[in-house]
Amino acid sequence: QKGYDLWLQYDEITDTQLQSDYLNKIQGIKILGNSPTLNVSAEEMQTAWKSFFGKELQKKNSGENILLLGQREQLPQKLQQNLKQDFENINSEGYIIKEVKFEGNNTILITGKSDIGVLYGSFRLLREMQLHNKLSNLAITDSPKIQKRVLNHWDNLDRTVERGYAGFSIWDWHLLPDLIKPEYTDYARANASIGINGTVLTNVNANSLVLTEEYIKKVKALAEVFRPYGIQVYLTARFSSPMESGGLETADPLNEEVRQWWKDKADQIYAEIPDFGGFLVKANSEGQPGPNNYGRSHVDGANMMAEAVAPHGGIVMWRAFVYSEHDPEDRAKQAYSEFVPFDGEFADNVLLQVKNGAIDFQPREPFHPLFGAMPDTPLMMEFQITQEYLGFATHLVFLPKLFEETLEEDTYVNGEKSTVAKIIDGTLSNKKLTGMAGVANIGNERNWTGHPFGQANWYGFGRLAWDPYLSSEEIAEEWLKMTFTNNEDFVEPMKEMMLESRETVVNYMTPLGLHHIMRTGHHYGPGPWVSNLSRPEWNPVYYHKADSAGIGFDRTSSGSNALEQYADPIAEKYSSPETTPEKYLLWFHHLPWDYEMDNGKSLWYNMASKYQEGVEEVEDMAENWNNMEQYVDEERFEKVSMLLQIQLKEAKWWRDACLLYFQEFSNMEMPEFIPEPAHTLEYYKNLKTPYAPGI
Ligand code: BDP
């Protein structure tokens, strides 16, 4: 089914040459060993074969040109010996795909140090075939560069999904553990195919109910479906659970009874789910309880939970997305101030989970200053796949471009080329524990993600968690071919469209370093005028600081000095607007409306032209898509067409509302290329979106 099958469409191979090449090269399959993971590897081969060629892949015991699946221990000694070098090059989840002699016959071997390696290798071979690559002289070795590659579901037990735009939660909590939906298996397949090896089932704004006996049984049922696919389950742990579900009077992390409660809880979970991954914790943030409630620190809290799961091999992912009393004048500085003093104090099985930027998943943010600032603490990247601030599941935005930009940024903490990617994969300071989390965009919509192109963001997240050095271009190309068609006349223009789509959304929402000017609560649509929220740092006016003198957040030494949280080369370069990259200009500087930019035009003029560019780019996207009708099935074609029209309407809404509002401060004329706005500023201010999802 188109859409539901994601990037695992396995479209029929119609090119007769290619088909006969493949069928000659692989004439049968043999599995060495026996395990649920090997079974699903073999099943996947069959599913693909039926779809590629309309027939089964015969099981064979011996002969020329068979596909051999088995991990190292199952291979004959001699073969193990021959592959010694290859095995040295992979880690425990890596794989080797190679043409070898087996019992004297030419054979394609997929092997690894574990069955999971074999499964990943199987998906890799199938990807090669989906991409129509030749299978000659095969010699591929690959391993994930990051250990914990996890989705974070912000799913509630009542099946609503915080910031979810693709329907309700796929977890049918009230019917678990008795009803096991086929979607659970397909979810696991899709994740395994891109190397995701963990899933946090529940919202960071946590409900302690999930830690009760009844719910642990439900979680266990999911863990059993996922296990053959190498996916561990994790849960969010509400800090006050010992009180809410344990009946204790406190949740103080230094209280002995509380500590014992967590240990007992961990024991209880691991008795049911021996490979349970551990806990994800949001503490002392946005109303969530935490150690600060008891005068204790984040280290006290994290280490208490870490101690409970450590005997079972579990980990704690402790989130750095906190609010603090430090630095009320600049929200961007708070997490750094709160956590840097604790560097080196967290237990070995704690990962500090840090969002890519210091504010909150904006269309563009400079990298979070915590990256590089805590050399003795393993930091885990948190990206948001769901498009909370980027037009929900309505706008086409290819996020790997955003992820790539962050991963490639140079922190300069150990001299040049100290990129964020090297901090995340542990190579910069030799970290043992590494991880990347993505806030899922998955729901119970038939196509999983709402927007058909939203699937590319799930796919791309997985690919980058496996290898943070991959290019977004390569990812886009793979995804397009696997999801739609290999036809170059489709792939090339669509790849270009995807790669530009991120800059487009930045242009029509928050150009030149503007940020957090979305509407209140749901964050859909423009709301730069909002100023009445209870916390000042939730208000757009706090972030753009527009006044008659200019616009932008002064984060240099004359302002909040957030720049001091970055290494010197960055702090120096960004301290002057002339040397600050244009894309971050208003992130770091408050500048006069008539500030002259590189092109000799004023800031106001440039801002207007970015908004206009954004709108025109969406027009182009819609037009390009319209030329693709012949390559795409009707359902997906129509859906994307309609969504692009909404995106166009909303890009105009963004442009008109923001420019009309900012013009009140700039007092400058609207450049001639901006069409007459459809409505007045009052109209935009009064627009209501009462039932936007995911609030
Ligand atoms: C913000 C979301 C909020 C989340 C919070 C978080 O608006 O729904 O709970 O982040 O990450 O982006 O904890």
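1. A few points about the sheet that holds strand β5 (residues 139–142)
1) Next: The mixed open sheet is built from five strands, whose spatial order is β1-β2-β4-β3-β5. In this open sheet, the two strands that pair with only one neighbour each are β1 (28–31) and β5. Strand-to-strand twist across the sheet, computed as the mean angle between neighbouring axes with direction ignored, equals 25 degrees.
2) Next: Bridging between strand β3 (residues 95–102) and strand β4 (residues 105–112) involves eight bridges; their strand directions are antiparallel. From the neighbouring strand, Phe-102 faces β4, where its bridge partner is Asn-105.

2. Topic: the sheet that holds strand β7 (residues 198–200)
1) Next: Read around the closed barrel, eight strands run β6-β7-β8-β9-β10-β11-β12-β13, paired in parallel fashion. Neighbour to neighbour, the strand axes of the sheet diverge by 25 degrees on average, direction disregarded.
2) Next: Of the pairings in the sheet, the one linking strand β6 (residues 148–152) to strand β13 (residues 435–439) comprises five bridges and is parallel in character. Following the sheet pairing, Val-150 is matched in β13 by Ala-437.

3. Some remarks on the domain arrangement of the chain
1) Next: Domain boundaries assigned for the chain yield domain 1 (16–142), domain 2 (148–483) and domain 3 (507–553 + 590–686).
2) Next: One C-alpha centre belongs to domain 2, the other to domain 3; they are set 31 Å apart.
3) Next: With 28 residues of domain 2 in contact, the opposing surface of domain 3 contributes 27 residues.
4) Next: For the domain 2 and domain 3 pair, buried surface summed over both sides reaches about 2300 Å², with 59% attributable to carbon and sulfur atoms.

4. Quick look at unusual backbone geometry
1) Next: A cis geometry characterises the amide bond from Leu-176 onward to Pro-177, with omega recorded as 0 degrees.
2) Next: Of note, Pro-177 is situated in the loop between β6 and α6 (182–193).
3) Next: The phi dihedral of Asn-561 is positive, around 60 degrees, even though this residue is not glycine.
4) Next: Along the chain, Asn-561 falls in the loop between α17 (540–544) and α18 (568–573).
5) Next: Classification of Asn-561 by relative accessible area gives partly exposed; the value is 22%.

5. What to know about the site of the ligand
1) Next: For the ligand, the set of nearby residues contains 13 residues, the closest of which are Glu-162, Lys-282, Arg-319, Asp-360 and Glu-388.
2) Next: Contacts to the ligand include Asn-205, whose side-chain N or O atom sits 3.0 Å from an oxygen atom.
3) Next: Taking 320 Å² as the accessible area of the ligand by itself, protein coverage stands at 97%.
4) Next: Residue classes in the shell around the ligand are distributed as three nonpolar, two polar and eight charged.

6. A short note on helix α9 (residues 256–272)
1) Next: The end-to-end C-alpha distance of α9, which contains 17 residues, comes to 25 Å, matching closely the 24 Å that a straight helix rising 1.5 Å per residue would cover.
2) Next: Residues of α9 that are buried sit in contact with α7 (213–226), α8 (241–244), β9 (278–281) and α10 (298–309).
3) Next: Residue Asn-255 occupies the N-cap position of α9, its side-chain oxygen lying 2.8 Å from the main-chain nitrogen of Glu-257.

7. Here's the deal with the pairing of β3
For a regular strand, side-chain orientation follows a simple rule: the groups alternate between the two sheet faces.
1) Next: Where β3 folds back on β4, the antiparallel hairpin that results is connected by two residues, among which Glu-103 adopts a positive phi of roughly 50 degrees.
2) Next: Alignment of β3 against β5, held across four bridges, turns out to be antiparallel. Pairing of Lys-98 across the sheet is with Ala-139, part of β5.

8. Remarks on the packing of aromatic side chains
Aromatic ring pairs are reported here in terms of the distance separating the ring centres and the angle at which the planes meet.
1) Next: Per the counting criterion, the structure on display carries 50 aromatic pairs.
2) Next: Seen in terms of ring centroids, Tyr-323 and Trp-538 are 6.5 Å apart; in terms of plane orientation they differ by 90 degrees. Their pairing is edge-to-face. Of the two residues, Tyr-323 sits in the loop between β10 (315–319) and α11 (334–339) while Trp-538 sits in the loop between α16 (488–509) and α17, which places them 215 residues apart along the sequence.
3) Next: A ring pair is formed by Tyr-574 and Phe-588, whose centres lie 5.2 Å apart and whose planes are at 55 degrees; its orientation type is tilted. One end of the pair, Tyr-574, is in the loop between α18 and α19 (585–588); the other, Phe-588, is in helix α19, and 14 residues separate them in sequence.
4) Next: Using a relative accessible area of 1% as the deciding quantity, one classes Phe-588 as buried.
5) Next: Taken together, the aromatic side chains of Tyr-4, Trp-7, Trp-171, Tyr-184, Tyr-187, Phe-226, Trp-448, Trp-458 and Tyr-459 make up a single cluster linked through ring pairs.
6) Next: One cation-aromatic arrangement involves Arg-555 over Phe-553; the distance from NZ or CZ to the ring centre is 3.8 Å.
7) Next: Over the face of the ring belonging to Tyr-605 we find Lys-601, whose NZ or CZ atom lies 5.3 Å from the ring centre.

Cut-off values and rules
- Numbering of residues starts from 1 in every chain and runs along the sequence as written.
- Predicted model: local features are reported for residues with pLDDT of at least 70 only, side-chain atom pairs are reported and counted for 80 or more only, and whole-chain, interface and lining totals are derived from all residues.
- Side-chain measures here rest on the full set of heavy atoms in the structure, leaving out hydrogens and waters.
- A pair of strands is labelled paired if DSSP reports no fewer than 2 bridges between them.
- Here a helix means four or more residues in a row that DSSP labels H or I, a strand means two or more in a row labelled E, and each is numbered from the N terminus.
- To obtain an axis, a line is fitted to C-alpha atoms, over the contacting stretch when the element is a helix, and the angle between two such axes runs from 0 to 180 degrees between their N-to-C directions.
- Just so you know, the domain bounds were taken from an automatic or database domain assignment.
- In what follows, a contact means two residues having at least one pair of non-hydrogen atoms within 4.5 Å.
- For any pair of parts, buried area is found by adding up, for both, the accessible area (1.4 Å probe) each one loses once the two are put together.
- Each residue is assigned to one of three classes by its accessible area relative to the maximum for its type, calculated with a 1.4 Å probe on protein chains only: buried under 20%, partly exposed between the two thresholds, exposed over 50%.
- We call a residue near a molecule or strand whenever a single non-hydrogen atom of that residue lies within 4 Å of it.
- Think of a polar contact as two N or O atoms within 3.5 Å of one another; within protein, one of them needs to be a possible hydrogen donor and the other a possible acceptor, and neighboring residues in sequence only count if both atoms come from side chains.
- Accessible surface is estimated by sampling points in the Shrake-Rupley manner with a 1.4 Å probe; for residues, cover comes only from the protein chains shown.
- Amino acids outside the nonpolar list (Ala, Val, Leu, Ile, Met, Phe, Trp, Tyr, Cys, Pro) and the charged list (Asp, Glu, Lys, Arg) are all regarded as polar, and Gly is one of them.
- One less than the number of residues in a helix, times 1.5 Å, gives the span that helix is expected to have.
- Two rings from Phe, Tyr or Trp (for Trp, the six-membered ring) form a pair when their centres sit within 6.5 Å of each other. Planes less than 30 degrees apart are called stacked, planes more than 60 degrees apart edge-to-face, and all others tilted.
- Look at NZ for Lys and CZ for Arg. If either is within 6 Å of the ring centre and within 35 degrees of the ring normal, a charge sits over the ring.

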